[in-house]
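One-letter residues, chain by chain:
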Amino acid sequence: MSVNVSKGTNMKFLYAGIAIALLISVLAPFLASPDPDGLESAAGNIMDEATLSEMETSAPFVESPMPDYAIEGQGKTGEILAIVAGTLLVLGISFGLGKLAKK
Amino acid sequence: MHIPDSFIPMGQAIIYWVIALPFIFLSLKWARKELDDMKVPILAALAAGIFAIQALNIPIGMGTSGHMVGAALVAIIFGSPMAGVLVLTLVLLVQGFVFGDGGITTMGANIVNMGVISGFVGYYTFAALKNKAGIKAAAFVGAWLGLFVSAIACAIEMYVAGTFPLEAGLVAMGLYHLIIGFVGEGLITAIVITAIEKARPDLLDSSVTSATGVEA
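These numbers were taken from a predicted model, which means no experiment stands behind them.

1. Describing the side chain of Q95(B)
At step 1: Among the structural elements, Q95(B) can be located in helix α4 (residues 81-99).
At step 2: In contact with Q95(B), not counting residues within four places along its chain, are Y69(A), H2(B), F51(B), Q54(B), G100(B) and D101(B).

What follows is the structure, encoded as structure tokens:
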């Protein structure tokens with residue numbers, strides 16, 4: 001890591017990163033494939049239906065506020081808001097933790 | 001590859017947490033030692049970007065989709081697999097608690113698979129290949145292999161849990177993630193590493209760019 005680069009330049013990297021992350025967040029509800037992911041798809045193919053549906057309908061250990069990256073009744077707008085909120089939350093937590101951790 | 005609560009019995013889920021915790025601890029120790037005002041913005045931008053891109057599932061055919069995991073990318077940029085463990089732990093915490101993506105009891109297993117295994121395999125494969133194959137090819141193969149090995153580990157965990165049969169689980173998880181890993185992990189990782197190397201080589205850990213610094 002070069003010592004000659006100003007802190008301001010890395011803040012530019014942060015802003016560019018935030019811009020890209022927010023762009024993906026807004027587009028994801030429209031572009032993301034609705035097909036099940038690798039693990040879900042494997043489960044659907046090789047588990048017997050009764051066991052799988054029992055597992056899928058069992059209540060999660062903790063209820064989450066925005067299950068499946070959506071806000072109930074808000075459609076695509078809700079999905080965009082949910083993913084944007086998640087992106088900003090991860091950004092805030094990692095920035096805050098980083099600031100706390102560094103000397 | 002986010003394992004929900006119901007896929008692993010509680011007793012086993014705790015074991016994966018016990019395996020994950022020392023790595024989480026070491027990743028925090030890494031953060032204390034390595035992070036400075038220069039690196040914190042990079043870490044935060046990568047974490048946000050990885051959360052967002054994990055919401056973007058790419059279709060791979062066979063009625064299946066998949067997304068990037070990102071631990072290998074973070075590990076390569078920072079020159080330590082611990083950076084990948086840290087970022088994936090933060091991303092999985094938000095995904096699990098806020099969005100119900102991946103269970104809470106199974107978060108330990110998800111951290112082991114996506115943070116530890118894909119990060120370590122991805123990073124050390126990259127480190128072993130980069131001088132011979134070049135940064136681009138090494139990043140591609142490392143990230144691809146990291147995702148594939150973590151999917152195999154996931155299939156074995158599903159077998160131990162009694163959720164998947166062994167052989168069918170290995171075949172399905174292996175096949176899907178070979179394809180997901182090619183596009184979603186390998187290509188994206190290689191493109192991002194190449195772009196950063198061109199635009200801002202100073203952002204990459206010196207072990208990435210220098211020919212001598214292959215040490216962990």
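What follows picks up the thread again.
2. As for the packing of helix α2 (residues 38-46) of chain A against helix α7 (residues 166-199) of chain B
At step 1: Contact pair α2(A) / α7(B): the axes reach a minimum separation of 9 Å and the direction vectors enclose 145°. By crossing handedness, the relation of α2(A) to α7(B) is classed as right-handed. In this structure, α2(A) uses G38(A), L39(A), S41(A), A42(A), N45(A) and I46(A) to contact α7(B), whose residues at the interface are A168(B), G169(B), A172(B), M173(B), Y176(B), H177(B) and I180(B).

3. Re the layout of surface pockets
At step 1: Of the pockets and cavities examined, the largest pocket occupies roughly 1,100 Å³.
At step 2: Taken together, 42 residues form the lining of the largest pocket, with E40(A), D68(A), Y69(A), G100(B) and D101(B) sitting closest to its centre.
At step 3: For the lining of the largest pocket, the secondary structure elements donating two or more residues are α1 (7-31), α2, α3 (49-57) and α4 (75-101) of chain A together with α4 of chain B.
At step 4: One number sums up the size of the second largest pocket: a volume of about 440 Å³.
At step 5: Lining the second largest pocket are 19 residues, and of these F13(A), G17(A), I20(A), L46(B) and V192(B) lie nearest its centre.

4. Remarks on the interface of chain B and chain A
How large an interface is tends to be reported as the accessible area lost when its parts come together.
At step 1: Listed by partner, the interface residues are 67 residues for chain B and 57 residues for chain A.
At step 2: At the boundary of chain B with chain A, total buried surface from both sides reaches about 5,300 Å², with 73% on carbon and sulfur atoms.
At step 3: Where chain B meets chain A, there are two salt bridges.
At step 4: The shortest N-O distance in the salt bridge between D37(B) and K99(A) comes to 2.9 Å.
At step 5: Here chain B is connected to chain A by 18 residue pairs in polar contact (both at pLDDT 80 or more).
At step 6: Of all the elements in the fold, those that place two or more residues in the side of chain B that touches chain A are α1 (10-34), α2 (39-54), β1 (58-61), β2 (64-66), α4, α6 (135-160) and α7 of chain B.
At step 7: Among the elements that line the side of chain B that touches chain A, the one with the most residues is α2(B), at 13 residues.
At step 8: Tallied by class, the residues present in the side of chain B that touches chain A amount to 44 nonpolar, 15 polar and eight charged.

5. Re the environment of L27(A)
At step 1: The residue L27(A) is located in helix α1 in this model.
At step 2: A sequence separation of 53 residues divides L27(A) from I80(A), and the C-alpha atoms of the two residues are 7.8 Å apart.

Rules behind the numbers
- Residues numbered from 1 in each chain as written.
- Chains lettered and ligands numbered in written order.
- Predicted model: local features only at pLDDT ≥ 70, side-chain atom pairs only at ≥ 80, totals over all residues.
- Heavy atoms only, no water.
- Helix = DSSP H or I, 4+ residues; strand = E, 2+ residues; numbered from the N terminus.
- Contact = heavy atoms within 4.5 Å.
- Axes fitted to C-alpha atoms, helices over the stretch in contact; angles between N-to-C directions.
- Left-handed = near helix turned anticlockwise from the far one by under 90°.
- 1 Å grid on protein atoms, 1.4 Å probe; cavity = no way out; pocket = protein on both sides within 12 Å on 5 of 7 lines; lining within 4 Å.
- Points joined across faces, edges and corners; volume = space filled by probe spheres on them.
- Buried area = accessible area lost by both parts, 1.4 Å probe.
- Salt bridge = Lys/Arg side-chain N within 4 Å of Asp/Glu carboxyl O.
- Polar contact = N/O pair within 3.5 Å; in protein donor to acceptor, adjacent residues only side chain to side chain.
- Nonpolar A, V, L, I, M, F, W, Y, C, P; charged D, E, K, R; others polar.

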